[in-house]
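# Chain and residue survey
Chain residues, written in single-letter form:
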Amino acid sequence: MATSMETWEMNGAKDIASRASTPASVLHRLSLHTNMQVRMAVADNENTGVHTSMHLAQDGSADLRYALAENHHIDGRILDFLAKDTNPFVAYRAQKTISRLGKAAQN
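Calculation rules
Residues numbered from 1 in each chain as written. Predicted model: local features only at pLDDT ≥ 70, side-chain atom pairs only at ≥ 80, totals over all residues. Heavy atoms only, no water. Helix = DSSP H or I, 4+ residues; strand = E, 2+ residues; numbered from the N terminus. Rg over C-alpha atoms; globule rule 2.2 N^0.38 Å. Buried < 20%, exposed > 50% of the residue type's maximum accessible area, 1.4 Å probe, protein only. Contact = heavy atoms within 4.5 Å. Areas by Shrake-Rupley, 256 points an atom, 1.4 Å probe, with all protein chains shown as cover. Lys, Arg positive; Asp, Glu negative; His and termini not counted. Charge placed at Lys NZ, Arg CZ, Asp CG, Glu CD. Axes fitted to C-alpha atoms, helices over the stretch in contact; angles between N-to-C directions. Parallel < 35°, antiparallel > 145°, perpendicular 65-115°, else oblique. Nonpolar A, V, L, I, M, F, W, Y, C, P; charged D, E, K, R; others polar. Salt bridge = Lys/Arg side-chain N within 4 Å of Asp/Glu carboxyl O. pLDDT = per-residue confidence, 0-100.

## Describing the overall build of the chain
Counting its secondary structure elements, the chain contains 7 helices and 0 strands. Along the chain, from the amino end to the carboxyl end, the secondary structure elements read α-α-α-α-α-α-α. For a compact globule of 107 residues, the expected C-alpha radius of gyration is about 13 Å, and the chain comes in at 14 Å, within 12% of that figure. Across its three principal directions, the C-alpha atoms of the chain cover 50 × 30 × 20 Å. Residues counted as buried form 36% of the 107 residues belonging to the chain. Nonlocal contacts in the chain, meaning residues at least 24 apart in sequence, comprise 42% of its contacts between residues at least 6 apart. With an accessible surface of roughly 6,600 Å², the chain has 55% of that area assigned to carbon and sulfur atoms. The average position of the 11 basic charges and that of the 11 acidic charges among the side chains of the chain differ by 6 Å.

This is the structure:
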């Protein structure tokens, strides 16, 4: 069980990772956090750089990769990578996001 200090540190890191004003360099450091919720917040942040997103796309957590695959702000190269994921749910989600973005671009 996490101590109150560990919980505070995790919540603080998650809050920083969620902020639109957090610089890409800080988000990259937070992408290495041991807590998946922090890494998921980084994956969802529009300021997250391509290098960091690719790092997250290779994370061991299928839940994290799925969250990344449904992010319509992510670089297309990351979605293409995730569309070939070994987890069929992640791959399908990335393919669906690619399709949705393609349809939006046509309108």
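## Some points on the side chain of serine 31
Secondary-structure assignment places serine 31 in the loop between helix 2 (24–30) and helix 3 (36–44). Residue class for serine 31 comes out buried when judged on its relative accessible area of 1%. Once residues within four sequence positions are removed from consideration, serine 31 is found in contact with Arg39, Val42, Thr52, His55 and Leu56.

## Thoughts on the packing of helix 4 (residues 50–57) against helix 5 (residues 62–69)
The contact between helix 4 and helix 5 brings their axes to 9 Å, and the two run at 135°. Taken together, the axes of helix 4 and helix 5 lie oblique to each other. Contact residues: helix 4 offers Ser53, Leu56 and Ala57, while helix 5 offers Leu64, Arg65 and Leu68. Among the residues forming the contact of helix 4 with helix 5, the class breakdown is 4 nonpolar, 1 polar and 1 charged.

## Some points on the pattern of salt bridges
Under the criterion given, the structure shown has 4 salt bridges. Taking the shortest distance from any N to any O, the salt bridge between aspartate 15 and arginine 19 comes out at 2.6 Å. Residue class for aspartate 15 comes out partly exposed when judged on its relative accessible area of 39%. For arginine 19, a relative accessible area of 40% gives the class partly exposed.

## Comments concerning the confidence of the model for the chain
Model confidence for the chain is summarised by a mean pLDDT of 90, while 91% of its residues fall at 70 or above. For residues 1–5, every residue scores under 50 in pLDDT, and the model assigns this stretch 2 contacts once sequence neighbours within four places are set aside.

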